[in-house]
Amino acid sequence: MNYKVEKLKVNYKTLEEFKKFKEYGLQELSMLEDLEANIIENDSESPFYGIYFGDKLVARMSLYQIDARFDRYFEPAQDYLELWKLEVLPDYQNKGYGKALVEFAKGFGLPIKTNPRVKSKLFWEKMGFSAVNYDMERDLGENPLAWFPAGVKEQAH
């Protein structure tokens, strides 16, 4: 299936949609505070991308571009994407929405790092992600997975 991934607007409607997802937390709450302070307008930059089924948001992720000077994962060191909060509503799982979001992120052509949630490692492996060598100081108890575009490999430690 071909799903249209779109950048989500920062507005009350999007925030209401987010409340339907399990992973609803601090980022969204800070968006709400900004909205309530009338700082953010409808077209503000948002790290969130999603897929709608009709007018209902059924899948979403946040995607942050990390500057090369902070790259401790990829060789050669470069800008990379950090993918967070990939989530598909239960009734829409196993229908290709998550895959569409990941493929969209890969479309930027940058390496991607993610920290998978419990029981999602198989999905990430199917999407071409692999575990990086654990570094206690860098990874702080997380078990990051990475996707390496052609010509990119893991940094040696």
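(A) The arrangement of the pairing of strand β3 (residues 56-66) in detail. Among the 11 residues in β3, 8 count as buried, and that is most of the element. Where strand β2 (residues 48-53) meets β3, 6 bridges bridge the pair, whose relative direction is antiparallel. For G50, the partnering residue across the bridge sits in β3 and is R60. The loop that links β2 with its antiparallel partner β3 comprises 2 residues; one of these, G54, has a positive phi angle of about 65 degrees. As paired elements, β3 and strand β5 (residues 80-88) share 7 bridges and run antiparallel to each other. Following the sheet pairing, S62 is matched in β5 by W84.

(B) Representation of the packing of aromatic side chains. Applying the stated criterion to the full structure yields 11 aromatic pairs. Considering the side-chain rings of Y3 and Y97, the 4.0 Å spacing of their centres and the 25 degrees angle between planes classify their relative orientation as stacked. Here Y3 is found in the segment before β1 (6-7), whereas its partner Y97 is found in helix α3 (residues 97-106), with 94 residues between them in sequence. We classify Y3 as buried; its relative accessible area is 18%. Given a relative accessible area of 3%, Y97 falls into the buried group.

(C) Quick look at the confidence of the model for the chain. Taken residue by residue, the chain gives an average pLDDT of 85. The fraction at 70 or more is 84%. Element-level pLDDT for the chain is lowest in helix α2 (residues 26-36), with a mean of 56, against a maximum mean of 97 in α3.

(D) Looking closely at the side chain of D71. Within the element layout of this structure, D71 appears in the loop between β3 and β4 (74-75). Here D71 occupies a buried position and makes no salt bridge, while the nearest side chain of opposite charge, R138, is found at 7.2 Å. Only 2.9 Å separates the side chain of D71 from the backbone nitrogen of Q78, close enough to count as a polar contact. In this structure D71 touches P76, A77, Q78, Y80 and Q155, once residues within four positions along its chain are discounted.

Procedures and definitions
- Residues numbered from 1 in each chain as written.
- Predicted model: local features only at pLDDT ≥ 70, side-chain atom pairs only at ≥ 80, totals over all residues.
- Heavy atoms only, no water.
- Buried < 20%, exposed > 50% of the residue type's maximum accessible area, 1.4 Å probe, protein only.
- Helix = DSSP H or I, 4+ residues; strand = E, 2+ residues; numbered from the N terminus.
- Pairing = 2+ DSSP bridges.
- Phe/Tyr/Trp six-rings, centres within 6.5 Å; stacked < 30°, edge-to-face > 60°.
- pLDDT = per-residue confidence, 0-100.
- Lys, Arg positive; Asp, Glu negative; His and termini not counted.
- Salt bridge = Lys/Arg side-chain N within 4 Å of Asp/Glu carboxyl O.
- Polar contact = N/O pair within 3.5 Å; in protein donor to acceptor, adjacent residues only side chain to side chain.
- Contact = heavy atoms within 4.5 Å.

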